[in-house]
Amino acid sequence: MAKKEETISLIDTFSDFKETKNIDRTTMVSVLEESFRSVIAKMFGTDENYDVIVNPDKGDFEIWRNRVVVKDEELTNENMQISLTEAQKIDASYEVGEEVTDEVIFAKFGRRAILNLRQTLASKILELEKDSLYNKYIDKVGTVIAAEVYQIWKKEILLLDDEGNELLLPKTEQIPADFYRKGETVRAVVARVDNRNNNPKIILSRTSPVFLERLFEQEVPEINDGLITIKKIARIPGERAKIAVESYDDRIDPVGACVGVKGSRIHGIVRELRNENIDVINYTSNIQLFIQRALSPAKVSSIVLHEEEKKAEVYLKPEEVSLAIGKGGMNIKLASMLTEYTIDVYRELDESADDEDIYLDEFKDEIDEWVINAIKSIGLDTAKAVLNAPREMLIEKADLEEDTVDEVLDILSAEFEE
């Protein structure tokens, strides 16, 4: 009796699981039937001659075995066959060749069978949980969710959603200024669902451009309604971002709508992103104009495009160069990311100067040849070209030390001084 009760408790366990995990009735019956069949097949080598009937409403089950009646001396497989003598004990009218169906009490299979069933059922339930989690979140990739901080580790944060599912926010997907305590709510976008060996891991992100895009969709009704389109986004998370927007309705100012009255719409996004500065610009398919807008707040004098190489030479007045480059080169980096063009900035040549230009090779007596070659390798062949290029560009692109660059600039400048 105790074994029967132990077996039936498995049904209760599954019923509890059904209620908490929202597993539908058909799946529940199927999983129970498969679990019983799996154990029977392990014990007898086959489950083909068994009928398993699960009654989820009553919380019980029945197992029936079908065996063929054979002569007593021809009995070779007690699982598939029943002797005529045994069959006639059940019903005296049975004859050889007929099929006998009798109920099997699972508990009589022994403790090992019950343990095996428990393990099989637990394994199948775990698979269902994983499938359910995967299916739920694969459809949520690219959407913003809120989850509670459960545990904080060095490389990632473990979060729980409202159903208790585990989500991961890696350090690499956190904004540098992010700081959370256990129990706090985090908003992030579902970046991807990794599913190695049927073990789904839901990865969230706060650094993804998609997160910024979704925040704008939530804050700006015109974007949500399709009146304004976000064309491109470039981000350096927690520092600065540029977002290009476009409206197909001439009556709508897309930049103004995104920023809001006195910045009302953008302020919430900036706070969520730990004071990330956000530049909203009008998108245009005119690449020259787009580069010009992307370099804002700097004012561009002229642009020379090399479309095949996706490069742009941008000329600015000397006082505009530092604005174009930005703090730590951030403005020009974001402009390049947004426009997908490599942007080189140059000081505008002073056309009033009558001095003739001089090729760098003329300075071999004063400047080491390897330094001249390094500068020439980035497309600067003359003294004035070097003097008009930003110092930062010479250091980074020519891969020269600051002292070396300063020495070169002093030598070249001296050549044109009166």
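Anything mentioned here points back to the structure above.
A quick note: this is a predicted structure, and the numbers were derived from the prediction, not measured.

Parameters at a glance
- Residues numbered from 1 in each chain as written.
- Predicted model: local features only at pLDDT ≥ 70, side-chain atom pairs only at ≥ 80, totals over all residues.
- Heavy atoms only, no water.
- Helix = DSSP H or I, 4+ residues; strand = E, 2+ residues; numbered from the N terminus.
- Rg over C-alpha atoms; globule rule 2.2 N^0.38 Å.
- Buried < 20%, exposed > 50% of the residue type's maximum accessible area, 1.4 Å probe, protein only.
- Contact = heavy atoms within 4.5 Å.
- Areas by Shrake-Rupley, 256 points an atom, 1.4 Å probe, with all protein chains shown as cover.
- Lys, Arg positive; Asp, Glu negative; His and termini not counted.
- Charge placed at Lys NZ, Arg CZ, Asp CG, Glu CD.
- Expected span 1.5 Å × (residues − 1).
- Arc of directions from axis to C-beta.
- Salt bridge = Lys/Arg side-chain N within 4 Å of Asp/Glu carboxyl O.
- Phe/Tyr/Trp six-rings, centres within 6.5 Å; stacked < 30°, edge-to-face > 60°.
- Lys NZ or Arg CZ within 6 Å of the ring centre and 35° of its normal.
- Pairing = 2+ DSSP bridges.
- Axes fitted to C-alpha atoms, helices over the stretch in contact; angles between N-to-C directions.
- Core = buried A, V, L, I, M, F, W, Y, C linked by side-chain atoms within 4.5 Å.
- Polar contact = N/O pair within 3.5 Å; in protein donor to acceptor, adjacent residues only side chain to side chain.

### Description of the overall build of the protein
Moving on, step 1. When its secondary structure is counted, the protein shows 15 helices and 15 strands.
Moving on, step 2. Whereas a compact globule of 418 residues would reach a radius of gyration of roughly 22 Å, the protein reaches 37 Å, over 25% beyond that.
Moving on, step 3. Taken along the three principal axes of its C-alpha coordinates, the protein extends 130 × 55 × 40 Å.
Moving on, step 4. Classification of the 418 residues of the protein by burial places 42% in the buried group.
Moving on, step 5. Within the protein, residue pairs in contact and separated by at least 24 positions form 58% of the contacts whose partners lie at least 6 positions apart.
Moving on, step 6. Of the roughly 23,900 Å² of accessible surface on the protein, a fraction of 44% belongs to carbon and sulfur atoms.
Moving on, step 7. Side chains of the protein carry 54 positive and 86 negative charges; the gap between the two charge centres is 8 Å.

### Details of the side chain of R240
Moving on, step 1. With respect to the helices and strands, the residue R240 is situated in strand β11 (residues 240–247).
Moving on, step 2. Each residue touching R240, except ones within four places of it in the same chain, is listed here: A234, R235, E276, N277, D279, S296, P297, M330, N331 and L334.

### Some thoughts on helix α15 (residues 402–416)
Moving on, step 1. With 15 residues, α15 should cover 21 Å at 1.5 Å per step; its first-to-last C-alpha distance of 22 Å lies within 8% of that length.
Moving on, step 2. When α15 is considered as a whole, its buried residues turn out to be V405, V408, L409, I411, L412 and F416. One face of α15 carries all of its buried residues, which in axial projection span an arc of 160 degrees. Facing away from the buried surface of α15 by more than 90 degrees, the exposed residues are D403 and D410.

### Notes on the pattern of salt bridges
Moving on, step 1. Evaluated as defined, the whole model comprises 27 salt bridges.
Moving on, step 2. Here R251 ties to D249 by a salt bridge, and the two come within 2.9 Å at their closest N and O atoms.
Moving on, step 3. For K364, the salt bridge is made with E369, and the minimal N-O distance between the two is 3.8 Å.
Moving on, step 4. Each of D178, R187, R206, E272 and R274 takes part in a single network of salt bridges with overlapping partners.

### Brief notes about the packing of aromatic side chains
Moving on, step 1. Taken as a whole, this structure holds five aromatic pairs when the rule is applied.
Moving on, step 2. Ring centres of F44 and Y50 lie 5.9 Å apart, and the angle between their planes is 20 degrees; on these two criteria the pair is classed as stacked.
Moving on, step 3. Pairing Y283 with F290 gives two aromatic rings, centres 5.1 Å apart and planes at 70 degrees, and the pair type is edge-to-face.
Moving on, step 4. Judged by its relative accessible area of 2%, F290 is buried.
Moving on, step 5. The aromatic ring of Y150 is capped on one face by K182, whose charged end is 4.9 Å from the ring centroid.
Moving on, step 6. A cation over a ring is seen here: R274 above Y180, with NZ or CZ 5.3 Å from the ring centre.

### Focus on the sheet that holds strand β14 (residues 311–316)
Moving on, step 1. Across the sheet, which stays open at both edges, the three strands sit in the order β13-β14-β15 with mixed pairing between neighbours. Every other strand in the sheet has two partners, leaving β13 (302–306) and β15 (342–347) as the edge strands with one partner each. Each strand of the sheet is rotated relative to its neighbour by a mean of 20 degrees, with strand direction disregarded.
Moving on, step 2. Two strands pair when backbone bridges link them, and β13 and β14 are joined in this way by five bridges, in the antiparallel orientation. Paired with H306 across the bridge in β14 is K311.
Moving on, step 3. Along the sheet, helix α9 (residues 287–294) contacts β13, β14 and β15; its crossing angle with β13, the most-contacted strand, is approximately 125 degrees.

### Observations concerning the nonpolar core
Moving on, step 1. Grouped together as the largest cluster of nonpolar side chains are 26 residues, with contacts concentrated most on I291, L295, V314, L316, L338, I343 and V345.
Moving on, step 2. Of all the elements in the fold, those that place two or more residues in this core are β10 (228–236), α9, β14, α10 (318–325), α11 (330–339) and β15.
Moving on, step 3. Broken down by element, this core gets its largest block of residues, five residues, from α11.
Moving on, step 4. Discounting chain neighbours no more than four positions away, the residues touching L295 are V300, V314, A324, N331, I332, A335 and I343.

### A short note on α11
Moving on, step 1. Counting buried positions over the ten residues of α11 gives seven, a clear majority of the element.
Moving on, step 2. What α11 keeps buried is the set M330, N331, I332, L334, A335, L338 and T339.
Moving on, step 3. Those residues of α11 that are buried lie in contact with β10, β11, β12 (277–282), α9, α10 and β15.
Moving on, step 4. Residue E340 follows α11 closely and has a positive phi angle near 65 degrees.

### A word on the side chain of T284
Moving on, step 1. The topology assignment puts T284 in the loop between β12 and α9.
Moving on, step 2. Among the polar contacts made by the side chain of T284, one reaches the main-chain amide nitrogen of N286 at a distance of 3.1 Å.
Moving on, step 3. Not counting residues up to four positions away in its chain, the partners in contact with T284 are L289, F290 and R293.

### A word on the environment of S336
Moving on, step 1. Looking at the element boundaries, S336 is found in helix α11.
Moving on, step 2. Separated by 41 residues in the primary sequence, S336 and L295 place their C-alpha atoms 8.9 Å from one another.
Moving on, step 3. For S336, the contacting residues outside a window of four places in its chain are Y341, T342 and I343.
Moving on, step 4. One polar contact links the side chain of S336 to the main-chain carbonyl oxygen of Y341, over a distance of 3.2 Å.

### Things to note about unusual backbone geometry
Moving on, step 1. The omega torsion across S296 and P297 is 15 degrees, close enough to zero to call that bond cis.
Moving on, step 2. By the element assignment, P297 lies in the loop between α9 and β13.
Moving on, step 3. The backbone of N275 shows a phi angle near 65 degrees, a positive value even though the residue is not glycine.
Moving on, step 4. When you line up the elements, N275 lands in the loop between α8 (264–272) and β12.
Moving on, step 5. Overall, N275 belongs to the exposed group, its relative accessible area being 55%.
Moving on, step 6. Backbone geometry at K310 places phi at a positive 55 degrees, although glycine is not the residue there.
Moving on, step 7. On the secondary structure map, K310 appears in the loop between β13 and β14.
Moving on, step 8. Since its relative accessible area comes to 35%, K310 is described here as partly exposed.

That's the geometry; what it means functionally is another story.
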